[in-house]
Amino acid sequence: SDEIGFPVSYPVACSPQAWAAGTSVVLVRAMLGLEPNALEGTFKLNPFLPSGVGRLSVRHLPVGAGHLSVELSREEDGAVVATVVDNTSGLRLEAAGNARVGIRN
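Everything numeric in this text was worked out from a predicted model, so none of it was measured.

On to the overall build of the protein, then. Along the backbone of the protein there are 1 helix and 7 strands. Listing the helices and strands of the protein from first to last along the sequence gives α-β-β-β-β-β-β-β. Within the protein, the proportion of its 105 residues that are buried is 26%. Of all intrachain contacts in the protein linking residues separated by at least 6 positions in sequence, the fraction that spans at least 24 positions is 38%. Accessible surface, the protein: about 7300 Å² in total, of which carbon and sulfur atoms supply 55%.

Right under this line is the structure:
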């Protein structure tokens, strides 16, 4: 067998793939159930938390012309509630489906 005796570089081995870099953003958007609609000036939330996850805090998520901060929590009855902590997006909040969504003042 041939032995080189030193590491050989492989140019793409340590480079993150484009799909992997965006995975966390897509996952957060899916858990928030976030559906922005710039034409109508609204965004909808339909929160979801995977089994075993009781809480998720999202801070300064870019939405519209500003950002959105939301806290998701699981209630005793198993329902997931979204509380909007800060909304500088310029978009109006709407709950999607049977979502429980509140705004903290």
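Attention shifts here to the nonpolar core. The nonpolar side chains of soluble globular proteins are, as a tendency, buried together. Counting residues in each nonpolar core, the largest one holds 17 residues, and the members touching the most others are Leu32, Leu34, Leu45, Leu68, Val70 and Leu72. If you list the elements that add at least two residues to this core, you get α1 (18-32), β2 (42-45), β3 (55-63), β4 (66-74) and β5 (80-87). Apart from the residues lying within four places of it in its own chain, the contact partners of leucine 45 are Leu32, Gly33, Leu34, Val70, Ala82, Val84, Leu93, Glu94, Ala95, Ala96, Ala99 and Val101.

Within the secondary structure, arginine 59 sits in strand β3. Residues arginine 59 and glutamate 71, spaced 12 residues apart in sequence, show a C-alpha to C-alpha distance of 8.4 Å. Those residues in contact with arginine 59 that lie beyond four places of it in its chain are Leu68, Ser69, Glu71 and Val85. Polar contacts involving the side chain of arginine 59 include one to the side chain of glutamate 71, which spans 2.7 Å.

About the criteria used
Residues numbered from 1 in each chain as written. Predicted model: local features only at pLDDT ≥ 70, side-chain atom pairs only at ≥ 80, totals over all residues. Heavy atoms only, no water. Helix = DSSP H or I, 4+ residues; strand = E, 2+ residues; numbered from the N terminus. Buried < 20%, exposed > 50% of the residue type's maximum accessible area, 1.4 Å probe, protein only. Contact = heavy atoms within 4.5 Å. Areas by Shrake-Rupley, 256 points an atom, 1.4 Å probe, with all protein chains shown as cover. Core = buried A, V, L, I, M, F, W, Y, C linked by side-chain atoms within 4.5 Å. Polar contact = N/O pair within 3.5 Å; in protein donor to acceptor, adjacent residues only side chain to side chain.

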